[in-house]
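Structural overview
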Amino acid sequence: MPSARLLVLFGSQTGTAQDVSERLGREARRRQLSCRVEALDSYPVVNLINEPLVIFVCATTGQGDPPDNMKSFWRFIFRRSLPSTALRQMDFAVLGLGDSSYAKFNFVAKKLHRRLLQLGGSALLPMCLGDDQHELGPDAAIDPWLQDLWEKVLGPHPVPLNLDLSPPGVLWPSKFTLQFLKDTPSSGPEELCAAGTDPQGPPSELQPFLAPMVSNQRVTGPSHFQDVRLIEFDISGSGISFAAGDLVLIQPENTASHVQQFCQALGLDPEQHFTLQPREPGVTCPTRLPQPCSVRRLVSQYLDIASVPRRSFFELLACLSPHELEREKLREFGSARGQEELCEYCTRPRRTALEVLCDFPHTAAAVPPDYLLDLLPLIRPRAFSIASSLWAHPSRLQILVAVVQYQTRLREPRRGLCSSWLASLDPVQGPVRVPLWVRSGGLTFPKTPDVPVIMVGPGTGVAPFRAAIQERVAQGETGNVLFFGCRRRDQDFYWEAEWEQLQARGCLTLVTAFSREQDSECLPPAAPQEQKVYVQHRLRALGPLVWELLDGRGAHFYLAGNAKYMPADVCDTLLSIFREEGGLSDPDAAAYLAQLQRTLRFQTETWA
C-alpha cells in the first residue's frame, strides 16, 4: 500500500453504520493514522481513483436496498462505462450491517464487495457481515474483524517508534463547543428557522413544511390490541406534490417530560441559549440546528434521548465519568468482553439513553455540554407511506400510523418516538403543526392505460394502495385487485366502507383475509381448522385469477407490509401458482418471478 491514509465511507439508514464508522475513525486515530469519515453521498465519488485505502461500512434496508445516503454513489459505482481498472490502486474492506432473518441478508455489502473487485480494487480481507439477529448484535462479528483489519493496515505501516498507541480510555476532544450566551436573544431565530418552506424549492429535511394537522382519528376498535391512527394534514401553499407510492417524512420530538428529566439529570438550564462551533476545520454544524439555539430546543427536537444507546455511548460516558464505580461499569459495557452483559442490561429490554443516564447519576451530572452531540445521535425523520391521493383529497395528505408500544421486563412500556408523539397531538384542542416533507417511494404504478394491478397489503401495508386506488379510479382505471388482511372485520378493517363503495361501482375487486375469524374455504384441504387465514391463502385460492391477470393481461403485482415473514410467504405462493396454473417447472417459475421483478411488474415496499 502506498500510504496509510485511511478513508471510511458509510451508508446508514438508522445510524448504526455511521456509529460503526465513527468508531473506526477513533480507532484509526488511536493508531496515529490519518482518517476521514464521510457519508457515501457526501463524498465526491470521482475522487475514489486517488484513494489508496478505503473502508466501506454499509447497511442493507428493505428488500436488499441501499440506504438513502448512498443511493447516488450506488448508481455511479454500477455504471457499465466504468473501466475494470478504475480502482486498481485501491485497497479496500467492506463491513456490512444486516439482519439474517431477511432473505437478502447484507445484500448491499455483498454486491458492493463484488463490484469493487470488478473495478480492480484489492480486498484487504473478507467481508464482515454484522447481524442484528446475533444475541450480541453486529459487534459479535465486528470486534474480531477489526482486529484483523488493523493487522492488515498496520502491517506495512506500523505506528512509528516515536508515537505510542493511545489507550482506549483516552478522552478525545469533542467535535463541537457550546458557547453559552449571557443574555437571551431578543429576536427569534429559532422560530424563523422553521417558519415555512424554502422559496427556492419544495420542502426538504433542511427546510420542512410546518403542516397544520386537520384530524387525528383512531381507526381500530376499542378492544383491539393496537392503536392505529388516520392522520390528515393541510398542505395548502406548501409547494408539495406527490403521486401514489410516495413517502412523507416527519421530524418527531421528544416528550416535554423526557426533556425536563434529561435537563435535570445533566444539570442543564433548558432556557439557556448557546451557539455551536466546530473544533476542527472542515467539520460543519448540524444543518437543521438554528444559531443561536436554546437547550430546550436542542433536547426536544434534535438529541435522540429516547433511542437505545449503542456501545460507543458507553465508551464515551466511561471517559467522562468522575465516579469510580460508575466508570468501571461503563467501561465494562463499552468493552468487547462486556457485550453480553450490555445486551442483557440495555439491548434486550430496550433501555433508552435517558434511562441509562438516570441509572448513572454521578456520571450524568458531570457530562460537559460540549460532548452532547458526541454522546447522542440526532433524531432521524420517520418515513410513512402516503395513504391518499391529491386527485381525491386536494391540498390534503393522509397517513396511517400504527402507534408502537410494547412491554419488556422494564416497568415502563417501550414506545415508538414518532408514532407516540403523533398520537399525542390533538388539533381539536388547538392548532398543531408538524414538520414534514415528501420524497419518492419505492412503488411506481403503470402509466399505460388499462393495465391491471394486483395489490397485497395486510394491516397498515394497505396505506400506499389506498393512494393508488384513489388515483387510478380518478383516471378511469378499473382493473384494481386488492388483497387486504387484518385480524377482525370489526376491529381493524381500515376503510371498509370506502372499499365496499368502490366495489359497488365496479372500480375494485376486494379480497379479504381475517386471521382471527375462521374461514375454511381458502385453507388447504389438509389444514387444521384452527389455522389462521392470511393473504397468501387468499392468493392461492384465487390462483387462476392471479395467473390470468399476470400472464394474460400483463398485470403489475405490488406487495407492502411487514418485511419479516409475509413477503417470503407471498413469493412462495406466487411460485406455486406459476407451477400449478401456468404449468411451469420449478426453475421456470423462479425465472418467471425474476423477470417480473426485473421489469418492475413485481414491486415491494416493506419495513421492519
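Just so you know, these numbers come straight off a predicted model, no measurement behind them. (Residues numbered from 1 in each chain as written. Predicted model: local features only at pLDDT ≥ 70, side-chain atom pairs only at ≥ 80, totals over all residues. Heavy atoms only, no water.)

Focus on the overall build of the protein chain
Heads up, the rule is: Note on conventions: DSSP H or I runs of at least 4 residues are helices, E runs of at least 2 residues are strands, and numbering of each starts at the N terminus. Here the globule rule reads 2.2 Å times residues to the power 0.38, and the radius of gyration is calculated from C-alpha atoms. To sort residues, take the accessible area from a 1.4 Å probe on protein chains only and compare it with the maximum for the residue type: under 20% means buried, over 50% means exposed, and anything in between is partly exposed. Note on contacts: a residue pair is in contact if any heavy atoms of the two residues lie within 4.5 Å. Here the Shrake-Rupley method, with its probe set to 1.4 Å, supplies the accessible areas, and only the displayed protein chains count as covering residues. This count recognises Lys and Arg as positive and Asp and Glu as negative, with His and chain-terminal groups excluded. Each charge is placed at NZ for Lys, CZ for Arg, CG for Asp and CD for Glu.
Regarding its fold elements, the protein chain presents 21 helices and 22 strands. A compact globule built from 608 residues would reach a C-alpha radius of gyration of about 25 Å, and the protein chain, at 26 Å, matches this within 12%. With the principal axes as the frame, the protein chain shows a C-alpha extent of 80 × 60 × 50 Å. The buried share among the 608 residues of the protein chain stands at 51%. Within the protein chain, counting contacts between residues at least 6 apart in sequence, those at least 24 apart form 75% of the total. Only carbon and sulfur atoms are counted for the fraction: they give 51% of the accessible area of the protein chain, which is about 28,100 Å². Taken together, the 60 basic and 67 acidic charged side chains of the protein chain have centroids lying 3 Å from each other.

Quick look at the sheet that holds strand 12 (residues 293-294)
Stated formally: A pair of strands is labelled paired if DSSP reports no fewer than 2 bridges between them.
In space, the three strands of this open sheet follow the order 7-11-12, with antiparallel pairing throughout. In the strand order of this sheet, the two ends are held by strand 7 (176-180) and strand 12, each with one partner. For strand 11 (residues 273-278) and strand 12, the ladder comprises two bridges, and the chain directions are antiparallel. Directly across from Phe-274, in strand 12, lies its bridge partner Cys-293.

A word on the UniProt feature "binding site: FAD" (unreviewed entry) in the protein chain
Heads up, the condition is: UniProt positions are given in the numbering used here, feature names are shortened, and annotations may be inferred rather than shown by experiment.
Under the local residue numbering, the UniProt record ascribes the feature "binding site: FAD" (unreviewed entry) to Arg-350, Arg-382, Ala-383, Phe-384, Ser-385, Gly-416, Leu-417, Cys-418, Ser-419 and Trp-607. What stands out for the annotated residues spanning 258 residues is how far apart their C-alpha atoms range, the widest pair being 26.0 Å apart. Note that Arg-350 resides in the loop between helix 10 (339-347) and helix 11 (353-359). Its relative accessible area of 33% is what places Arg-350 among the partly exposed residues. Tracing the chain through its elements places Gly-416 in the loop between strand 16 (414-415) and helix 14 (417-424).

Brief notes about the sheet that holds strand 18 (residues 453-456)
Inclusion rule: For helices, the axis comes from a line fit to the C-alpha atoms of the stretch in contact; other axes are also lines fit to C-alpha atoms, and the angle between any two N-to-C directions lies between 0 and 180 degrees.
Pairing is parallel across the open sheet formed by five strands, whose spatial order is 20-19-18-21-22. For this open sheet the edge positions go to strand 20 (509-514) and strand 22 (602-607), each flanked by a neighbour on one side alone. Here the strands of the sheet are splayed against their neighbours by 10° on average, with no regard to which way each runs. Sheet topology note: the strand 18/strand 19 (residues 480-486) ladder contains four bridges and is parallel. If you follow Val-456 over to strand 19, its bridge partner there is Phe-483.

Side note on the packing of aromatic side chains
What counts here: Classification of ring pairs uses Phe, Tyr and Trp, with its six-membered ring standing for Trp, and accepts pairs whose centres are within 6.5 Å; under 30 degrees between planes counts as stacked, over 60 as edge-to-face, and the remaining range as tilted. Lysine NZ or arginine CZ positioned within 6 Å of the ring centre and within 35 degrees of the ring normal marks a charge as sitting over the ring.
Using the criterion set out here, one finds 17 aromatic pairs in the structure. Centroid distance Phe-484 to Tyr-494: 6.1 Å. Interplanar angle 65°. Geometry classified as edge-to-face. Taken together, the residues span a long stretch of sequence, with Phe-484 in strand 19 and Tyr-494 in the loop between helix 16 (489-492) and helix 17 (496-504) at a distance of ten residues. Across the pair, exposure class does not vary: Phe-484 and Tyr-494 are buried alike. Taken together, the ring pairs connect Phe-313, Phe-314, Phe-333, Tyr-345 and Phe-360 into an aromatic cluster. The ring centre of Phe-107 lies 4.9 Å from the NZ or CZ of Lys-104, which sits over that ring.

A few points about a positive patch on the surface
Let me state the cut-off plainly: The patches reported here contain residues having more than 30% relative accessible area and no salt bridge. Joining distances are 9 Å for like charges and 5 Å for nonpolar side chains (Val, Leu, Ile, Met, Phe, Trp, Tyr). The rule for a salt bridge is simple: a side-chain nitrogen of Lys or Arg has to be within 4 Å of a carboxyl oxygen of Asp or Glu.
A cluster of basic residues, Arg-487, Arg-488, Arg-516 and Lys-532, forms a positive patch at the surface. Within the secondary structure, Arg-487 sits in the loop between strand 19 and helix 16.

Side note on the environment of Ser-100
Test applied: Distance and chemistry together define a polar contact, namely a pair of N or O atoms within 3.5 Å, with one atom able to donate a hydrogen and the other to accept it when in protein, and with adjacent residues in sequence counting only for side-chain atoms on both sides.
In this structure, Ser-100 sits in the loop between strand 4 (91-98) and helix 3 (107-118). Once the C-alpha coordinates of Ser-100 and His-134 are considered, the two residues, 34 residues apart in sequence, prove to be 8.7 Å apart. Residues contacting Ser-100, with those up to four places away along its chain left out, are Phe-105, Asp-131 and Gln-133. One polar contact links Ser-100 to Asp-131, side chain to side chain, over a distance of 2.7 Å.

Quick notes on the UniProt feature "binding site: NADP(+)" (unreviewed entry) in the protein chain
Per the UniProt annotation, the sites labelled "binding site: NADP(+)" (unreviewed entry) are Thr-460, Ser-515, Arg-516, Lys-532, Val-533, Tyr-534, Val-535, Gln-536 and Asp-569. Along the chain, Tyr-534 falls in the loop between strand 20 and helix 18 (535-541). A residue is classified by how much of its surface remains accessible, and Tyr-534, at 35% relative accessible area, is partly exposed. In this view, Tyr-534 contacts Ala-513, Ser-515 and Arg-516; residues no more than four positions away in its chain are not counted. Here Gln-536 is to be found in helix 18.

Side note on the pairing of strand 17 (residues 433-439)
The pairing of strand 8 (residues 209-218) with strand 17 spans four bridges and is classified as antiparallel. Residue pairing for strand 17: Phe-209 is matched across the bridge by Leu-436. Relative to strand 17, strand 10 (residues 247-250) runs antiparallel, the two sharing four bridges. Within strand 17, the residue paired with Leu-247 across the bridge is Arg-439.

Some details on the environment of His-224
Tracing the sequence through the fold places His-224 in the loop between strand 8 and strand 9 (228-234). Through-space distance from the C-alpha of His-224 to that of Pro-361 is 39 Å; in sequence the pair is 137 residues apart. Contacts of His-224, omitting those with residues within four sequence positions, involve Arg-218, Arg-487, Gln-491 and Asp-492.

A short note on the side chain of Arg-115
Of note, Arg-115 is situated in helix 3. This buried residue, Arg-115, is left without a salt bridge; Asp-41 holds the nearest opposite charge, at 15 Å. Those residues in contact with Arg-115 that sit more than four places away from it in its chain are Ile-77, Phe-78, Arg-79 and Leu-82.

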